[in-house]
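Working through the structure, step by step
Spelled out, the chains give:
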Amino acid sequence: MALPMSASRFLERLRAEGATVVEVGDWEHHNRNHVGPWGPVHGVMIHHTVTEGSEHTVELCRDGYAGLPGPLCHGVITKDGRVHLVGYGRANHAGLGDDDVLRAVIAETALPPDNEANTDGNRHFYGFECENLGDGRDPWPEPQLAAIERVSAAICRHHGWTERSVIGHLEWQPGKVDPRGFTMTWMRSRIRERLQ
């Protein structure tokens, strides 16, 4: 069982891993903790936003929208590779997912198919939304991919996790397709190399 790191430690870890971080407003205290706990944490979840335009994307992920209040993640990774911190604590990013997947993440074993939505992922995962249309054609620039690798490795390094603690939303919740445009197997191999 891992307790979430403090906001200051989170920021320190991301910067130590070489991430370019932008602090957005009072991100350290912007969360959904009043509706339920955050933690214990077991992994990192990667998403795509289905948006374009960095400023709009960051604002949407910080504030949310009707029916889904923000923050919608902890960090927004824009196409230029910057990591915009928009919240810290419980965030509306993972939703309900598969308890078998969570057990595999905790054990750091191969992921089973995600065929249930019975477990609160917002409680157990750090979340990063990545600016992309999610249509399989919108490019993923290398600075953005490198930032995904860096933030994931930073969190894994802090908690003593391997790359197997990093998953995509599509591996957690049935019907989700994000991130689309690269495979999580490929991204995990990049994270594994960075952690060595």
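Below or above, wherever it landed, is the structure these notes cover. Residue numbers restart at each chain and count upward from 1, following the sequence in its written direction. In view of the model being predicted, local features appear only for residues whose pLDDT reaches at least 70, and side-chain atom pairs are presented and counted only at 80 or more, with totals across whole chains, interfaces and linings using the full set of residues. Excluding hydrogens and water, the side-chain values take into account all heavy atoms of the structure.

Our next topic: the layout of surface pockets. Computed over the protein atoms alone on a 1 Å grid, cavities are sets of points where a 1.4 Å probe fits but cannot get out and pockets are open sets with protein on both sides within 12 Å along at least five of seven lines; a residue lines them when it has an atom within 4 Å of a point. Grid points are joined across faces, edges and corners, and a volume is the space filled by probe spheres set on the points. A volume near 370 Å³ is recorded for the largest pocket. Forming the walls of the largest pocket are 22 residues, and the residues nearest its centre are Tyr 65, Leu 68, Glu 129, His 169 and Lys 176. Every helix listed is a DSSP run of H or I at least four residues long, and every strand listed is a run of E at least two residues long, numbered separately from the N terminus. When contributions to the lining of the largest pocket are tallied by element, the ones reaching two or more residues are strand E2 (43-48) and helix H2 (54-63). The classification used treats Ala, Val, Leu, Ile, Met, Phe, Trp, Tyr, Cys and Pro as nonpolar, Asp, Glu, Lys and Arg as charged, and all other residues, Gly among them, as polar. For the lining of the largest pocket, the per-class residue count stands at 8 nonpolar, 11 polar and 3 charged.

Before going further, it helps to spend a moment on helix H5 (residues 142-159). Residue pairs three or four apart in sequence face the same way in an α-helix, which turns once every 3.6 residues. The span expected for a helix works out to 1.5 Å for each residue beyond the first. For H5, built from 18 residues, the straight-helix expectation of 26 Å at 1.5 Å per residue is met to within 8% by its first-to-last C-alpha distance of 26 Å. Buried residues are those whose accessible area, probed at 1.4 Å on protein chains only, stays under 20% of the maximum for their type, while exposed residues exceed 50% and partly exposed ones sit between those limits. Counting buried positions along H5 gives 13 out of 18 residues, so the element sits mostly inside the fold. Two residues or fewer past H5, Gly 160 is found with a positive phi of approximately 75 degrees.

Turning our eyes to something else, we now look at the nonpolar core. We define the nonpolar core as a collection of buried residues of types Ala, Val, Leu, Ile, Met, Phe, Trp, Tyr and Cys that are connected through side-chain atoms lying within 4.5 Å of one another. Of all hydrophobic cores here, the largest spans 35 residues; its most connected members are Phe 10, Ile 46, Tyr 126, Phe 128 and Ile 148. For this core, the secondary structure elements donating two or more residues are helix H1 (7-16), E2, strand E6 (82-85), strand E9 (125-130), H5 and helix H6 (184-195). Take this core: its biggest share by element is 8 residues, from H5. Residue contacts are defined here by distance: any two heavy atoms, one from each residue, within 4.5 Å place the two residues in contact. Look past the residues within four positions of Ile 46 in its chain and what remains in contact with it is Phe 128, Cys 130, Ile 148, Ser 152, Val 166, Ile 167, Gly 168, His 169, Asp 178, Pro 179, Phe 182 and Met 184.

As a further point, take the packing of aromatic side chains. In this analysis, rings of Phe, Tyr and Trp, with Trp reduced to its six-membered ring, are considered paired at centre separations within 6.5 Å, and the interplanar angle assigns stacked below 30 degrees, edge-to-face beyond 60, and tilted for intermediate values. With the rule as written, the count across this model stands at 11 aromatic pairs. Ring centres of Trp 38 and Tyr 126 lie 5.3 Å apart, and the angle between their planes is 85 degrees; this geometry places the pair in the edge-to-face category. Separated by 88 residues along the polypeptide, Trp 38 in the loop between strand E1 (20-23) and E2 and Tyr 126 in strand E9 bring together distant segments of the chain. The exposure class of Trp 38 is buried, given its relative accessible area of 13%. Under the relative-accessibility criterion, Tyr 126 is labelled buried at 0%. Residues Phe 125 and Trp 172 carry aromatic rings whose centres are separated by 5.2 Å and whose planes lie at 65 degrees to one another, so their mutual orientation is edge-to-face. Residue Phe 125 is located in strand E9, and its partner Trp 172 is located in the loop between strand E10 (166-168) and H6; the two are separated by 47 residues in the primary sequence. Exposure class is identical for Phe 125 and Trp 172. Each is buried. Cluster of aromatic residues (ring-pair linked, three or more members): Phe 10, Trp 27, Trp 38, Tyr 88, Tyr 126, Phe 128 and Trp 161.

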